[in-house]
Structure formats: structure tokens, C-alpha cells
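Here is how the chains run, residue by residue.
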Amino acid sequence: MEIILKNINKAGYSSSIKSYLKEGGYQALEKALNMSSEDIIKEIKKSKLVGRGGAAFPTGLKWEFAYKAKEHPKYVVCNADEGEPGTFKDRIILENDPHLLLEAMIICALTIGAKTGYIYIRGEYFKPHEVLKGAIEEAKKNNFLGKNILGSNFSFTINLYRGAGAYVCGEETALLDSLEGKKGQSRVKPPFPTFVGFENKPTVLNNVETFANIPQILANGGDWFSKIGSPRSPGTKLYCLSGDVNKPGVYELPTDITLKEIIEKYGLGVKGKLKAVLPGGVSSNLLTNKELNVTMDYPSVQEAGSMLGSGAVVVINDRHCIVDLAKRCAEFFDYESCGKCTPCREGTKRVREILVGITRGCGEFSDLELLGELQEVLYDTSRCGLGQAALNAVKSAIDKFPMEFKKHILNKKCGVNICPMREVNG
Ligand SMILES: Cc1cc2nc3c(=O)[nH]c(=O)nc-3n(C[C@H](O)[C@H](O)[C@H](O)COP(=O)(O)O)c2cc1C
């Protein structure tokens, strides 16, 4: 079952508007032009689509908030920053089916009453940027963008904006500050961007994959979509499978698939013996063999003690050291912390120092307690999701692999000889 990659996987399909039109592209926009905003929102709400960028917020509700907001102008922003390590799904859409995204953004603008849109694209995405630039020109030439779209009263333009490589700029409010030309640092929420967004005006900000579902939802109806996959969080999901599997890649699968099926059926099994899985990238808690039968929808992964996030499924085999993995996650968050709020700025640094110490053979048992406390403090007091999730992988590593930490601290030994243990062994 393919919704998002339906065109891309067809032989001979290219990113051109010609290919897109041949597959029925822009027909959903034509349909939307004859619908009221209320009816469009009704269909999206019926679909039960939730955001695919990580927070899983209901998309129909988000659009409704922005539509009902009194202030003008309104904006549509696409989050194409794709910064979570292990995530590489949006790129597939941007590079191969750019008009799918453009059509969805145009429908969104029509629905909420926006005249201007932005695509905030990851700076390293050179090819997708070029493809999108060409697609916007094609859409303009064919009157899908610009003034009086398809002879209607509705006008809309889309601008491209390149990020500069900061993970935090994928967080929606930091993205908006960066888009406004400021330093990319998160804002306090609430107010949420639907009410106070770009230039403090009502803004719908959605992930690329979220948008990519919209044309099909409008074409086939919300009820159709709501019956696909898991009833708790319907549709398909682009799962980015990486790490120690035989066939890594991006797989579009219905959300009632299990983690085990993704790894075994699509990834063709683990290289070596499975140790752990990060189901939603480095921001998520580790799962182990015990949770392999979890359904890969948003609520089920949460109930299993982790989070699906953007769907970055990273498989880790038993040749890796969990303490080293925790240290590397901590280094990432320390490096990427924007520094605006104290708990995240100072906390991520301290966490990295502690874990570097443990991997060098100078850890103490009290360090584990301290890491637990830091996890609570960062979760409760950090300004945005970066700090709040910074210790998920670390804390779950301690909880699920206590013996590995104990061996490093007590015996000064790394079971797989990855950690340097320099302080003790010279
Ligand atoms: C540190 C951090 C990084 C994020 N990076 C991304 C990203 O690269 N792409 C994305 O779509 N959402 C990212 N998000 C989630 C966004 O803040 C936001 O929830 C999402 O773009 C909203 O779109 P959606 O409702 O369609 O998911 C990130 C969140 C955090 C806290």
C-alpha cells in the first residue's frame, strides 16, 4: 500500500510536472478549489492524519486553528530540515516528487487563507533544493502558483529558504526564528505557531511527509485514509531503516506493521545478533528484543516506552557498546544544544562529561544516579524538545543495560573493547 511513494515507485516516473500531471497530479487542488475551507478541514480531520515530523499533532486540527485565527496575513511553512540522525525520508519526496509537496502546500494555503509559503530546507540538501527550485518554476508556468491560480481569486507563492545545519532549526519555533533571519533558537510555547508563527502571524507548519498525504486524502476522502493501517494512528509511514540490518532503506508501510516485521521482512534481518533499536532516532528510548512486537504507530510505540518521532529506526547489534552509544548520543545533544536555556546548555554538557568519564574508566556509581536526576531536570525544564529528549537514549540505556554500565564502572572493562578506558589502562 503506497500513498506517498505511489508515483516515485512507478517505472519511468520523473520529478517533472509532466510526470506528475500524467499520474493525476494537481487534481486534488482542482477539487479543493470547489470546496469550502470547512469541508477540506473536515476531510483531513476524518482521515485522523497526525504530523509525521515527530510530535504527532493532528493535522486537521492544526489547519483549523490557523483557518479560524483572526489575524492576517497567514503563512504556510514546510519543515524540510530533516535533521534527526537516522532520518532520510523527506529527501526522497523532495528529490523525486516535488509537485506532491507543492500541491499540498497550495491546498493548505487555500484552506487557511495564506498568500505566501516557505519551504525551509536542510542546507546539505543540494539536489533536492535544485529540484524544488525547478518545480516551483514549472508550477508557476502552469498557473498552479502565482496570481489567480487556475482562474480563481486565489493567489499564492512559495519561497525556498536554506538552513545552515543546526539540528535545533528543525524544531518549529527555532525554524521560524531562523526563517525570520534571526539566530535559530526556540521560542517559549504557548503561543503555538498556528496563532503566533512566522512574523508573529498565524502559520501552519508541517513536515514534508505530512503534507505529502494531503492530495490523496482529498482525492479519496478522509474515511478512506482512516481505514489504512492502525486505527489508532492511521495511514502509512515512511520508516527509515538503518544500522545493522541487511537491507537498509526507506520503506512506506501501513502503520499497523510491527517493528519485527520492518526489521525482518523489509530489512532482511539483523546483521549479527540484535541488541537494541532506536525506533525514532537518537531522541527516542531504546527498545530491545522484548518490545519487537510493538505496532509501529505513535501511541503503541509510546506505550512500549519510547517514541516513533520521525520514524528513524536505527538497529544496533551486539558488537556495539551501549555505554559508547549513550556517550555518542550525549555528544550529539551537547553539540547541538542552542544554548538559549540553561538546563539544556549546561545539562547536556554535564551529561557528556559524565559519559566520557565512564567510557574512560573513571566513572562512579553515583554518576548513574546523577544522570537519572539530570534526565528529570532536562525533561521538566528545558525550553524545547531538544533538551527534553536529550537523555531519552541515555536513560533507557542505563535502565535496560545496567550490567554494561556496572562493568565499565566497577571492572573498568568494555565488553566489546570499544571504549578507550585510558585513565585506568594507560
Ligand atoms: C530538536 C528538534 C528537531 C526537530 N527536527 C524536525 C525536522 O527536522 N523536521 C520536522 O518536520 N520536524 C522536526 N521537529 C518537529 C517540529 O518541531 C514540528 O513538530 C513539526 O515540524 C510539525 O510538523 P508536523 O505536525 O507535520 O509533524 C523537530 C523537533 C525538535 C524538538
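Note that this is a predicted model, so its numbers are computed, not measured. In this numbering scheme, every chain counts its residues from 1 along its sequence in written order. Residues qualify for local features only when their pLDDT is at least 70, as the model is predicted, and side-chain atom pairs are given and counted only at 80 or more; totals for whole chains, interfaces and linings, by contrast, use all residues. In computing side-chain values, all of the structure's heavy atoms are included and hydrogens and water are not.

J.: Looking at this structure, how should I read the packing of helix H13 (residues 322-336) against helix H14 (residues 342-359)?
T.: For any two helices packed against each other, the geometry is given by the interaxial angle and the distance between the axes. Fitted lines through C-alpha atoms serve as axes, helices being fitted only where they are in contact, and the angles separating the N-to-C directions of these axes extend from 0 to 180 degrees. Each helix is a run of DSSP H or I of at least 4 residues and each strand a run of E of at least 2, with the numbering of both proceeding from the N terminus. Relative to each other, H13 and H14 sit at 150°, their axes nearing to 8 Å. Taken together, the axes of H13 and H14 are roughly antiparallel relative to one another. Taken as a pair, H13 and H14 cross one another with a handedness that is left-handed. Contacts from Val 323, Asp 324, Ala 326, Lys 327, Ala 330, Glu 331, Phe 333 and Asp 334 in H13 reach Thr 348, Lys 349, Val 351, Arg 352, Leu 355, Val 356, Ile 358 and Thr 359 in H14. Tallied by class, the residues present in the contact of H13 with H14 amount to 8 nonpolar, 2 polar and 6 charged. By definition in this entry, angles of less than 35 degrees are roughly parallel, angles greater than 145 are roughly antiparallel, angles of 65 to 115 are roughly perpendicular, and the rest are oblique. The hand of a helix crossing depends on one turn: near helix anticlockwise from the far one by less than a right angle means left-handed, and clockwise means right-handed. Should any heavy atoms of two residues lie within 4.5 Å, those residues are considered in contact. Gly is placed with the polar residues, together with every amino acid not listed as nonpolar (Ala, Val, Leu, Ile, Met, Phe, Trp, Tyr, Cys and Pro) or charged (Asp, Glu, Lys and Arg).

J.: Mind showing me how you'd approach the sheet that holds strand E1 (residues 75-80) here?
T.: Adjacent strands of a sheet form backbone hydrogen bonds with each other and so pair up, either parallel or antiparallel. Read across the sheet, 4 strands follow the order E3-E2-E1-E4 without closing on themselves; strand pairing throughout is parallel. Looking along the sheet, the strands with just one partner apiece sit at the ends: strand E3 (157-162) and strand E4 (203-207). Between one strand axis and the next, the sheet turns by 20° as a mean value, whatever way the strands run. Note on pairing: DSSP must find at least two bridges between two strands before they are called paired. As defined by bridge partners, E1 adjoins E4 across 5 bridges and the pair is classed as parallel. Bridging from a neighbouring strand, Tyr 75 pairs with Thr 203 of E4. Contacts from helix H7 (residues 126-141) reach strand E2 (116-121) and E3 within the one sheet, and its direction differs from that of E3 by about 165°.

J.: Even after reading the chapter, I still don't get the pattern of salt bridges, so can you show me in this structure?
T.: Oppositely charged side chains are able to pair whenever their charged atoms sit close together. Salt-bridge detection follows one rule: a side-chain nitrogen of Lys or Arg within 4 Å of a carboxyl oxygen of Asp or Glu. The full count for this structure, using the stated rule, is 29 salt bridges. If you follow the salt bridges from partner to partner, you end up with Lys 89, Asp 90, Glu 209 and Lys 237 in one network.

Nothing here speaks to function; it is geometry throughout.
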